Amino acid sequence: MHEVDSVARPADAVVSAWFRARRHIGDGDRGQILELLHALLRHQARLGWWLVRHGRKDTPRSRLLAWLALKEAKTPDQVDRLFGGAKFAPAILTDHERALLVKLQGCTIDHPGMPEEVRLECPSWAADPLRRRFGEAFANEMAALLTPAPLDLRVNPIKSTRDAVLGALTDLGLRAEPSAMAPYGIRVHERPSLASLPMLKSSEVEIQDEGSQLVAVLVDARPGDRVVDFCAGAGGKTLAIAAQMNNKGHVVACDVMEGRLKRGAERFRQAGLHNIQTRLLANETDRWVKRHKGGFDRVLVDAPCSGTGTWRRNPDARWRAQEEQGLDNLVSLQARILASAARLVKPGGRLVYATCSMLYEENEEQVAAFLAVHPAFRAVPLNEAAPRLTNSAHPDYLSLTPARHDTDGFFAAVMQREASPPPNALAKDNKEQTA
């Protein structure tokens, strides 16, 4: 907890490093430690509110004590026995800490005096944008973000089939079923140790939220196409796109982070995919983009975003304050990335803009702003781009939320560069792209 609070890395990366340094911890204990850490992160604002109420500093140790009293209903004597100071136990309680436990005894995590934002664990920077997005459904959607995320798998069709993987999961004693919307998706209704899943080790499946899988579906890459994943990261969507193409054609996975691309390249190799090339970019306007202008059938921009849609999967993300970067600065970066990546799309090709955000500013408004200054592109309605996806929260774009779809929050818009735009539109579009 101290490391998650103090290190500028996502909690999952901190946890991985922490466990690697403590290989003596067994799988069962690892699972319980991780579950407790995520629970504390999902209750951080409320635990902090109780600590402030009783004049205590909001530290990881105090937060854990408050959790044991408020959520596990442990008495001061029970907590005292846990904090015994032995080799693998926390340090012995101080008198000040025992006094806090006495004050919290009999209380519950929620309190009628809590502001709504605290009760719903919504950071202050996101409250107004999310209220604007959801209106009366705000509380319901925020409550959904406080539930643990499901385990979704995507079958790698190069190595297996969904029926075969479902059968193998059943043989392992796990309850699983086909995903509601994603054609290669499987939802596992258990919390197995991932190390116990042989199909994960063999790259027959990848862990990928159903919403993320649907973004790759919207790219609709065909065998033989030329495709760019412009912000590929470690390559989760790249894998899905390349497999969709049956290893035929050419996929370029781009990113500005070399470490991510290296991890991606290893995943591509293990998955048996050889139609992917990685490309390190200096920035969104790298010279490579200009040299390959108009050269691709499909371009995916999975833009860096606030990550509001991933809060139940990455509960620490909501507390990594966006004030440091600023939502306005993030929106500006997204616009620059989208405009630059659009240059790669050939006439008749498609540009897919996606985020794991649920904010208008990063989604619908971003697309509207792009289309306003790039008349060579038109929005492709969802019923044309993916007729099977009929339950979107937006009529023209893919819009998924945890409460409505039981996925991460995702947004994706499909835009097509017209094969023969009017001369004045082409001139305006070229002027914008040059600028």
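Rules and cut-offs
- Residues numbered from 1 in each chain as written.
- Predicted model: local features only at pLDDT ≥ 70, side-chain atom pairs only at ≥ 80, totals over all residues.
- Heavy atoms only, no water.
- 1 Å grid on protein atoms, 1.4 Å probe; cavity = no way out; pocket = protein on both sides within 12 Å on 5 of 7 lines; lining within 4 Å.
- Points joined across faces, edges and corners; volume = space filled by probe spheres on them.
- Helix = DSSP H or I, 4+ residues; strand = E, 2+ residues; numbered from the N terminus.
- Buried < 20%, exposed > 50% of the residue type's maximum accessible area, 1.4 Å probe, protein only.
- Pairing = 2+ DSSP bridges.
- Salt bridge = Lys/Arg side-chain N within 4 Å of Asp/Glu carboxyl O.
- Axes fitted to C-alpha atoms, helices over the stretch in contact; angles between N-to-C directions.
- Nonpolar A, V, L, I, M, F, W, Y, C, P; charged D, E, K, R; others polar.

Student: Please provide a residue-by-residue account of the layout of surface pockets, values included.
Tutor: If you add up the space inside the second largest pocket, you get close to 1200 Å³. Around the second largest pocket, the lining comprises 30 residues; the ones closest to its centre are Trp18, Ile33, Leu36, Leu64 and Pro90. The set of elements that each furnish at least two residues to the lining of the second largest pocket consists of helix H1 (2-6), helix H2 (11-20), helix H3 (27-42) and helix H5 (60-70). When residues in the lining of the second largest pocket are grouped by element, the largest group, 7 residues, is from H3.

Student: Tell me what's going on with unusual backbone geometry, and back it up with residues and numbers.
Tutor: Even without being glycine, Ala73 reaches a positive phi, approximately 55 degrees. With respect to the element layout, Ala73 can be found in the loop between H5 and helix H6 (76-82). With phi around 65 degrees, Asn247 is a residue other than glycine that occupies positive phi space.

Student: So what about the pairing of strand E8 (residues 296-302)? Which residues, and what values?
Tutor: Counting buried positions over the 7 residues of E8 gives 7, a clear majority of the element. Sheet analysis places strand E5 (residues 226-229) next to E8, joined by 3 bridges and oriented parallel. Bridging from a neighbouring strand, Val227 pairs with Arg298 of E8. Pairing between E8 and strand E9 (residues 345-355): 6 bridges, direction parallel. Bridge pairing links Arg298 to Arg350 in E9.

Student: Quick rundown of the pattern of salt bridges? Include the residues and the values.
Tutor: Pairing between side chains of opposite charge can happen when their charged atoms approach one another. Tallied over the full model, the rule gives 30 salt bridges. The residue Arg350 makes a salt bridge to Glu384 at a minimum N-O spacing of 3.9 Å. Placement of the pair is Arg350 in strand E9 and Glu384 in helix H19 (residues 382-385), with a sequence separation of 34 residues. Each of Glu116, Glu117, Asp128 and Arg131 takes part in one network of salt bridges that share partners.

Student: Provide a residue-level description of the sheet that holds strand E1 (residues 151-155), including the pertinent values.
Tutor: Taken together, the 4 strands give an open sheet; going across it, the order is E2-E3-E1-E4, and neighbouring strands pair in antiparallel fashion. Either end of the sheet is taken by a strand with one partner, and the two such strands are strand E2 (176-178) and strand E4 (205-207). Averaged over neighbouring strand pairs, the angle between their axes works out to 30 degrees when direction is ignored. Bridge count between E2 and strand E3 (residues 185-188): 3 bridges; the pairing is antiparallel.

Student: Please provide a residue-by-residue account of empty space enclosed by the protein, values included.
Tutor: Overall, the coordinates contain 2 cavities of 30 Å³ or more when judged by the stated rule. Looking at the largest cavity, its volume works out to about 50 Å³. Lining the largest cavity are Met1, Val4, Asp5, Leu37, Leu40, Leu41, Gln44 and Arg63. Considering every element that reaches the lining of the largest cavity, the biggest residue donor is H3, with 3 residues. In terms of residue class, the lining of the largest cavity is made up of 5 nonpolar, 1 polar and 2 charged.

Student: I'd like a rundown of the pairing of E9, residues and numbers included.
Tutor: The element E9 is extensively covered by neighbouring structure, given that 8 of its 11 residues are classed as buried. Bridge count for E9 against strand E12 (residues 410-417) is 6 bridges, and the pairing is antiparallel. Bridged to Leu351 within E12 is Met415.

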